[in-house]
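Coordinate inspection notes
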Amino acid sequence: MNTQSFSSAVSNVESKGFLDIELDPELDLFAAIEQLKKEKNAVVLAHYYQEPDIQDIADYIGDSLGLAQQAEKTEADMIVFAGVHFMAETAKILNPAKKVVIPDFKAGCSLSDSCPPPLFKTFRDQHPDHVVVSYINCSAGIKALSDVIVTSSNAKVIVESFPKEQKIIFAPDKNLGAWINKVTGRNMLLWNGACQVHEIFSQEKISRLKIRHPKAKLIAHPECEEPILKMADYIGSTTGLLKFSQTDDSQEYIVATETGILHQMIKANPFKTFIPAPPDNSCACNDCPHMKRNTLEKIYLCMKYETPAIHMDETLRLAARKPIDRMLEISAQAGL
Ligand code: 13P
Ligand code: SF4
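In this report, we go over the structure that sits alongside the text. (Residues numbered from 1 in each chain as written. Chains lettered and ligands numbered in written order. Predicted model: local features only at pLDDT ≥ 70, side-chain atom pairs only at ≥ 80, totals over all residues. Heavy atoms only, no water.)

1. Remarks on the site of ligand 2
Around ligand 2 lies a shell formed by Y49, V84, C109, S110, N137, C195, V197, E223, C288, H290 and M291. Of the residues assigned to the shell around ligand 2, the class counts are seven nonpolar, three polar and one charged. (Near = heavy atom within 4 Å. Nonpolar A, V, L, I, M, F, W, Y, C, P; charged D, E, K, R; others polar.)

2. What to know about the side chain of K92
One can find K92 in helix α5 (residues 85-94). Buried and unpaired, K92 has no salt bridge, with E314 as the nearest side chain of opposite charge at 8.5 Å. In terms of polar contacts, K92 uses its side chain to reach the backbone carbonyl oxygen of K98, at 2.7 Å. Not counting the four nearest positions on each side in its chain, K92 is found in contact with K98, V100, I310 and R317. (Helix = DSSP H or I, 4+ residues; strand = E, 2+ residues; numbered from the N terminus. Buried < 20%, exposed > 50% of the residue type's maximum accessible area, 1.4 Å probe, protein only. Lys, Arg positive; Asp, Glu negative; His and termini not counted. Salt bridge = Lys/Arg side-chain N within 4 Å of Asp/Glu carboxyl O. Polar contact = N/O pair within 3.5 Å; in protein donor to acceptor, adjacent residues only side chain to side chain. Contact = heavy atoms within 4.5 Å.)

3. Some details on the packing of aromatic side chains
According to the stated counting rule, one finds six aromatic pairs in the structure shown. An angle of 70° between the planes, with centres 5.3 Å apart, marks the rings of F123 and W191 as edge-to-face. Linking F123 in helix α7 (residues 117-125) with W191 in the loop between β9 (189-190) and α11 (203-212), this pair joins segments that are 68 residues apart in sequence. The burial state of F123 is the same as that of W191; both residues are buried. Here a set of aromatic residues connected by ring pairs shows up, and it is made of Y234, F244, Y253 and F274. (Phe/Tyr/Trp six-rings, centres within 6.5 Å; stacked < 30°, edge-to-face > 60°.)

4. Overview of unusual backbone geometry
Put simply, A171 and P172 share a cis peptide bond, and its omega is -10°. Mapped onto the fold, P172 is located in the loop between β8 (167-171) and α10 (174-184). Omega for the peptide link from T307 to P308 comes to 0°, which places this bond in the cis form. In this structure, P308 sits in the loop between α15 (296-305) and β14 (309-311).

5. With respect to the nonpolar core
By size, the foremost hydrophobic cluster in this structure holds 70 residues, and its most contacted members are F81, V133, F201, A256 and M327. Apart from residues no more than four positions distant in its own chain, V133 is found in contact with V148, V150, V159, F162, I168, I169, F170 and A171. Judged by nonpolar contacts, the second largest core, of 21 residues, contains A32, A46, Y300 and C302. (Core = buried A, V, L, I, M, F, W, Y, C linked by side-chain atoms within 4.5 Å.)

Dropping the structure here:
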C-alpha cells in the first residue's frame, strides 16, 4: 500500500451527534448501563486511566495489552471501548464483524498524533534494512506500516525476540524506546514522539516530595522522561505498577503516571498511601485530557444509540492486523 492510500484510508468514526441530548437527571446510569449490556450483549472494556465510575461499571479494566487480549477473545456483539481512539481502533481491527463504539469520538492521543503515517512512511523507507516495532499508541495507518506492535508490558520481550544485530526503528514514543534501548542494550532508531501527560512530571518537585515522604517509593510508567525514570524504584505498565503496589511491602508510593490508576491502587491497598507525582506547573496535567473526555453519561448514550462507531477500510484493517497478531502470538508464547 502506498503513502497516498494510507493517508486517505484512515479509519473513521460515524457519529449521529447525540451529545446534545439531555438525560433525565433521575436516571440511574449504573442500572441503565447494566440493562443495555444485557439487551445488546455488550461488553464494556475500560483503561485504568478512566474516571472511577467508568472503571466500576466496566466488565474488564486493564492496560493496553490486557485490553487488546480481551478484545480478541470477547464473544459480545458490541464492544464499548472506554479509552481513546487508537484502543477502540485496535478492537475493531481484531473484530471487523462486531460493533465497536466509543463514548466520545474526540478522545484522541497526543502520542499517536505525533506520528502521521505519510511522514512515518518516508522515514521508514529511508531505512529499508530496519524492522519497525511500533508502540500500540499509534493509528491504524502506523500499525499497517509496522512489523510488530508492542505495549509497555511486552516491549522488552518483543524487542529481544529479534537477533541482537537486527536494526530496529521504534515508534512513536521516544521515552519508552529509550528505556527499552537501556534495558535491552539495543540501539533502536527512535521516532521523536511523546505523551503530553508523562512528559509533565517535575524532577525537582518529586525530589522535594521524597524528602517529605522518605519511605515513599517512586513508581513510574516508561512513557516518562529519562530523569524521572532514573529516580524510580520501579518502572512498568499500568498493570505492572498496580501489581507492584500489591506485592511490594512499602506503605507509601509516589505514582508517576496518569491519576486514573490510583482508583485501583487504593481499592487493592486500602491501608497504603498513593501520592500522584506532581506536574511541572499548577494544572492537573497528569490527568489525560483525552481519556477524561469519557463520562458515564456518554457511555450510556453511545450504547443506547450505537454511535459513535468505528469504521475501517478493509485493506487498512488487514495490513494493521498482521503486526497486532504477531504481538499477541509472542506475548502468549512468553506467558504474558
Ligand atoms: P499501558 O496501560 O499499556 O501501560 O499504557 C499507558 C497509556 O498511556 C495508555 O494510553
Ligand atoms: Fe495518549 Fe498519553 Fe493520554 Fe495515554 S495518557 S492516551 S499516551 S496522551
